[in-house]
Amino acid sequence: MGDDQVCEAAVLVIGAGPAGLYAAQELAQRGVEVVLLNRDIRPGGLAEYGIYHSKHKTKAVLRAQFQKILQHPRIRYLGNVTVGEGGDVTLAQLRKLGFAAIVVAVGAQGTKWLGLPGEQLRGVYHAKDLIYYYNGLPPFSERTYEIGKRVAVIGVGNVMADIAHWLVCDLKVDEVIAVARRGAAEVKFTRQELTYFAANLDTAALGEEIRRISDRMRAVGQDPEAAKAFILAALSGAAERASDTRVSFLFLSSPTRMLGDAEGRVCGLEVEDTELVLDETGNTRAKRLGTTHVLDVDTVIFCIGDRVSDELGLPVQWFSFVKNPTPAHPVGDISYEAYDPDACAPIDGVFVVGWARSASEGQVALARKDARSCAEAVTAHIATVPQQDAGAPCAALLELVAGLEKPVVTAEDVLRLAHIEAARAESCGDPGFRFVSNADMLVAMASDEG
């Protein structure tokens, strides 16, 4: 179905990150009327607020794509509206409006914690909150985060690399220690992400660390020297050294608790030694050994992945919304259909996409592919439901949000904001300039500026 074909159906997409935007675009191109409901004022999600703040060109390209999507005649954007228990509207309310389908593209807004003693101490954070902070996402952008001089980051993926990049190049802390419960052969970061702070890597300490764990790695068939070579390969493309921060790794070490001082601030991280064992499928897992020691740090940042929100109104299992195990409209053996495990039944007409379908899986390109597949499943579902007046549910939603005691942002508002911010960025010589509070964005959009 192309742009010139009209489908008598309206679909609500909740969330305007990459998956939601691309899903809206794909559905609109199939002739569907789409309302795009977004928690934030500005669209983009993690493409706006998750990509490292200094990657201006990457962000500019994506913003241009998203602005074009918002201008599609079959897409209506409503920003600054929260969905969920305690939000502006609930999913139950939205399901009663008569949309042919609802696509949930809210990402993985929650954070994973390990439930360790001391997680409530000052100076203990989750990476997602800090990434939102330095990328200017309200309300995180307006909060205070106390980052000390000796920082332990838990995890060895690209999120850890982003946090280390910030600690080394922006905050210029004294020391960053990346802690992993598994070995050096199982790091998840890419060499490119490591190049941003590779010049600060303590190579002598890395060599010693690899020697320390080499027997445990070889016991499960892993090559310590190959693992070390992968990390050191980032030196060949390393960015210029930006600080005197020392970066090191501590492998086969599982956090057990954070220690606090008399003022309630973290002053140490206790870790337990682990070894690698093979499970029945041949994969490795970390086994605790019972021996512990304490790292002298004043900040602990968990970079251990994301989870969906329990407050949206969909069932959650294993950090993700539950999908129909026997979908009516699978695409490539993937289920996009929400499911109620207590009732043992699908949640009719509700679909999940992107990180809402599979938390922390892939970046923008994968979100776009997932959105196309989800749109295919939604289109197949629409063909099974009675024809409707596409304008009725859209009008009902507009009436619902009109009663909110807050401004609801339109696509025209977003485009105006982008124009104002671009002019400010040029005038102040800061390509990364963006308003970092909802209040400032709303004032700007209501002004005569630009």
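That block above? That's the structure.
Residues numbered from 1 in each chain as written. Predicted model: local features only at pLDDT ≥ 70, side-chain atom pairs only at ≥ 80, totals over all residues. Heavy atoms only, no water.

**Describing the overall build of the protein**
Step number 1: Along the protein, the regular secondary structure elements total 13 helices and 18 strands.
Step number 2: Whereas a compact globule of 450 residues would reach a radius of gyration of roughly 22 Å, the protein reaches 24 Å, a difference of no more than 12%.
Step number 3: Projected onto its principal axes, the C-alpha positions of the protein cover 70 × 60 × 45 Å.
Step number 4: Residues counted as buried form 54% of the 450 residues belonging to the protein.
Step number 5: When contacts within the protein are restricted to residue pairs at least 6 apart in sequence, those whose partners lie at least 24 apart make up 72%.
Step number 6: About 19,900 Å² of surface is accessible on the protein, with carbon and sulfur atoms providing 50% of the total.
Step number 7: The protein carries 45 positive and 59 negative side-chain charges, and their two centres are separated by 4 Å. (Helix = DSSP H or I, 4+ residues; strand = E, 2+ residues; numbered from the N terminus. Rg over C-alpha atoms; globule rule 2.2 N^0.38 Å. Buried < 20%, exposed > 50% of the residue type's maximum accessible area, 1.4 Å probe, protein only. Contact = heavy atoms within 4.5 Å. Areas by Shrake-Rupley, 256 points an atom, 1.4 Å probe, with all protein chains shown as cover. Lys, Arg positive; Asp, Glu negative; His and termini not counted. Charge placed at Lys NZ, Arg CZ, Asp CG, Glu CD.)

**A word on helix α10 (residues 364–382)**
Step number 1: Compared with an ideal rise of 1.5 Å per residue, which puts 19 residues at 27 Å, α10 spans 26 Å between its outermost C-alpha atoms and is within 8% of the ideal.
Step number 2: Taken together, the buried positions of α10 are V364, A367, D370, A371, S373, C374, A375, A377, V378, H381 and I382.
Step number 3: Residues of α10 that are buried sit in contact with β1 (10–14), α1 (18–29), α2 (46–49), α3 (56–70), β4 (101–104) and β18 (345–352). (Expected span 1.5 Å × (residues − 1).)

**Remarks on the state of the cysteines**
Step number 1: Per the stated rule, a full pass over the model turns up zero disulfides.
Step number 2: You can see C169 has no disulfide; the closest cysteine sulfur is in C303, sitting 15 Å from it.
Step number 3: Residue C169 is classed as buried on the basis of its relative accessible area of 18%. (Disulfide = S-S within 2.5 Å.)

**Comments concerning the sheet that holds strand β2 (residues 33–37)**
Step number 1: Taken in spatial order, the six strands line up as β3-β2-β1-β4-β18-β17 in an open sheet, and their pairing is mixed. Where the open sheet ends on each side, the last strands, each with one partner, are β3 (75–78) and β17 (337–340). Across this sheet, the average inter-strand angle for adjacent strands is 30°, counted without regard to direction.
Step number 2: Strand direction decides the pairing type here: β17 and β18, joined by three bridges, are antiparallel. Paired with E337 across the strands is F351, a residue of β18.
Step number 3: α1 rests against β1, β2, β3 and β4 of the sheet, and its axis sits at about 165° to β2.
Step number 4: In the packing of α10 onto the sheet, the strands contacted are β1, β4 and β18, and the crossing angle to β18 comes to about 130°. (Pairing = 2+ DSSP bridges. Axes fitted to C-alpha atoms, helices over the stretch in contact; angles between N-to-C directions.)

**A short note on the sheet that holds strand β11 (residues 266–278)**
Step number 1: Pairing is antiparallel in the open sheet, where three strands are placed in the order β10-β11-β12. Two strands close off the open sheet at either side, each with one partner strand: β10 (253–260) and β12 (284–295). Strand-to-strand, the axes of this sheet are offset by a mean angle of 25°, without reference to chain direction.
Step number 2: The sheet contact formed by β11 and β12 spans nine bridges and is antiparallel.

**What to know about the packing of aromatic side chains**
Step number 1: What the rule picks out here adds up to 12 aromatic pairs.
Step number 2: Judged by centre distance (5.1 Å) and plane angle (35°), the ring pair of Y134 and W166 falls under tilted. Taken together, the positions of Y134 in helix α5 (residues 127–134) and W166 in helix α6 (residues 158–171) put the pair 32 residues apart, joining distant regions of the chain.
Step number 3: When its relative accessible area of 5% is taken as the criterion, W166 is described as buried.
Step number 4: For the pair F433 and F435, a centre-to-centre distance of 5.3 Å together with 75° between the ring planes defines the contact as edge-to-face.
Step number 5: Given the relative accessible area of 19%, F433 is considered buried.
Step number 6: A relative accessible area of 8% means that F435 is categorised as buried.
Step number 7: Following the ring pairs from residue to residue traces out a cluster consisting of Y52, Y125, Y133, Y134, Y145 and W166.
Step number 8: In this structure, R143 is placed above the aromatic ring of F140, and the distance from its NZ or CZ to the ring centre is 4.6 Å. (Phe/Tyr/Trp six-rings, centres within 6.5 Å; stacked < 30°, edge-to-face > 60°. Lys NZ or Arg CZ within 6 Å of the ring centre and 35° of its normal.)

**Re the packing of α1 against α10**
Step number 1: Where α1 meets α10, the closest approach of the two axes is 8 Å, and the angle between their N-to-C directions is 45°. If you check the angle between α1 and α10, you find them oblique. Crossing of α1 over α10 shows right-handed handedness. Contact with α1, carried on its side by P18, A19, Y22, A23, Q25, E26 and L27, involves V364, A367, R368, A371, R372, A375, V378 and T379 of α10 and no other residues of that element.
Step number 2: Here the contact of α1 with α10 is composed, by residue class, of 10 nonpolar, two polar and three charged. (Parallel < 35°, antiparallel > 145°, perpendicular 65-115°, else oblique. Left-handed = near helix turned anticlockwise from the far one by under 90°. Nonpolar A, V, L, I, M, F, W, Y, C, P; charged D, E, K, R; others polar.)

**Looking at the side chain of K128**
Step number 1: Residue placement: K128 occurs in helix α5.
Step number 2: Judged by its relative accessible area of 7%, K128 falls in the buried class.
Step number 3: Within the structure, K128 has its side chain in polar contact with the side chain of D306 (distance 3.3 Å).
Step number 4: Excluding anything up to four places from it in sequence, K128 contacts A108, Q109, G110, T111 and D306. (Polar contact = N/O pair within 3.5 Å; in protein donor to acceptor, adjacent residues only side chain to side chain.)

**Considering the layout of surface pockets**
Step number 1: Its boundaries defined by the atoms lining it, the second largest pocket holds a volume of some 580 Å³.
Step number 2: Forming the walls of the second largest pocket are 29 residues, and the residues nearest its centre are E48, R63, E421, G432 and R434.
Step number 3: Listing elements by their share of the lining of the second largest pocket, those giving two or more residues are α2, α3, α5 and α12 (411–428).
Step number 4: The element that contributes the greatest number of residues to the lining of the second largest pocket is α3, accounting for eight residues.
Step number 5: Broken down by class, the residue content of the lining of the second largest pocket amounts to 15 nonpolar, eight polar and six charged. (1 Å grid on protein atoms, 1.4 Å probe; cavity = no way out; pocket = protein on both sides within 12 Å on 5 of 7 lines; lining within 4 Å. Points joined across faces, edges and corners; volume = space filled by probe spheres on them.)

**Overview of the packing of helix α8 (residues 203–218) against helix α9 (residues 224–232)**
Step number 1: Relative to each other, α8 and α9 sit at 150°, their axes nearing to 9 Å. Between α8 and α9, the angle falls in the class roughly antiparallel. For the crossing formed where α8 meets α9, the hand is right-handed. Along the contact surface, α8 presents T203, L206, G207, I210, S214, M217 and R218, while α9 presents P224, A227, K228, I231 and L232.
Step number 2: Of the residues belonging to the contact of α8 with α9, the class tally is seven nonpolar, three polar and two charged.

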